[in-house]
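The lines below spell out each chain.
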Amino acid sequence: MKQHIVAGNWKMHTNKSEASDLVMGIHDGVESRALPKSLDIVVCPPFVWIEHIISSLNGGVASQGASSSLIACGAQDCHHELKGAYTGDISAPMIADLGCRYVIVGHSERRQYHGETNERIAHKVVAACEAGLRPIVCVGETAEERAAGRTADVVGRQIDAILAGAGSAAMNESVVAYEPLWAIGTGVAASPEQAQEVHAMIRTRLNQHGAPATALLYGGSVNASNAASFFACPDVDGALVGGASLAADTFLSIIDAACAAWSE
Ligand code: PGA
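Keep in mind the model is a prediction, meaning the values are calculated, not measured.

Cut-offs and rules
Residues numbered from 1 in each chain as written. Predicted model: local features only at pLDDT ≥ 70, side-chain atom pairs only at ≥ 80, totals over all residues. Heavy atoms only, no water. Helix = DSSP H or I, 4+ residues; strand = E, 2+ residues; numbered from the N terminus. Rg over C-alpha atoms; globule rule 2.2 N^0.38 Å. Contact = heavy atoms within 4.5 Å. Areas by Shrake-Rupley, 256 points an atom, 1.4 Å probe, with all protein chains shown as cover. Axes fitted to C-alpha atoms, helices over the stretch in contact; angles between N-to-C directions. Left-handed = near helix turned anticlockwise from the far one by under 90°. Nonpolar A, V, L, I, M, F, W, Y, C, P; charged D, E, K, R; others polar. Core = buried A, V, L, I, M, F, W, Y, C linked by side-chain atoms within 4.5 Å. Buried < 20%, exposed > 50% of the residue type's maximum accessible area, 1.4 Å probe, protein only.

Asks: Could you give an account of the overall build of the chain, naming the residues involved and the relevant values?
Replies: Each helix and strand counted, the chain has eleven helices and eight strands in total. For the chain, the C-alpha radius of gyration of 17 Å lies close to 18 Å, the compact-globule estimate for 264 residues. Counting contacts in the chain only where the partners sit at least 6 residues apart, residues at least 24 apart contribute 76% of the total. Carbon and sulfur atoms form 52% of the exposed surface of the chain, whose accessible area is close to 11100 Å².

Asks: Describe the packing of helix H7 (residues 151-166) against helix H9 (residues 192-208), with residues and values.
Replies: At a minimum axis distance of 10 Å, the contact between H7 and H9 shows a crossing angle of 30°. At the point where H7 passes H9, the crossing takes the right-handed sense. For the pair formed by H7 and H9, the contact residues are Thr151, Ala152, Val155, Gly156, Ile159, Asp160 and Leu163 on the first element and Val198, Met201, Ile202, Arg205 and Leu206 on the second. Partitioned by chemical class, the residues of the contact of H7 with H9 number eight nonpolar, two polar and two charged.

Asks: So what about the nonpolar core? Which residues, and what values?
Replies: Counting 72 residues, the largest nonpolar core has Ile26, Ile202 and Phe231 as its most contacted members. The leading source of residues in this core is helix H11 (residues 248-262), at nine residues. Each residue touching Ile202, except ones within four places of it in the same chain, is listed here: Val139, Val155, Ile159, Val176, Tyr178 and Leu216.

In structure tokens, the structure reads:
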């Protein structure tokens, strides 16, 4: 069965009570909808709220292993080593231990502000898979690269480097999020045609390298009004949503668009 995913990346937003209200608002909305079996709903809160969020989703009970709640929880990053002397860092096994099922790796904000390279991101993909987490691997080009006609080259190289470092088996278990940098947090999303073109290129590359099962998400200013147009694209399997995932009603509208696109 082809997998579809709507994931919310809360970034460094929410305090503890806002995080609780947000996840319970999403939970109550999801509970009253008939979700297609292929559709996973994921929230990626800041690290410090993860345990609280998972126990809220489980009716107040801390998770033992991967939480089986209606909504999956993911982290926004993990360290590339499984353990060690890395003050302040969080390992993939720690995230899995809390009951998370997903982890975002290589988000452009991590690449930009923390100097993360494709090689380092590939290492994180391996660590996440070893810990039993599903990585959501982010790729995307800058506005300058797009203007220079280099989008396919830049994104293709990112995919190739991560495939080479992580291996096709790990990539086959992963999710790739195509997030053009110029569309993140700007209110200017890619057009569905632009997203489809890049997704088709990524799909071909992953197919050629033995990773045909990888779900492909579009990210960058996805909102309640444009989500359906992305979900209508043949190679878009879902969305990674930033700003519009911070209000339950807008995130639920995006989930509604996914339900309409992929109802059984
Ligand atoms: P945005 O962020 O939806 O606010 O553009 C997306 C992301 O950074 O994952």
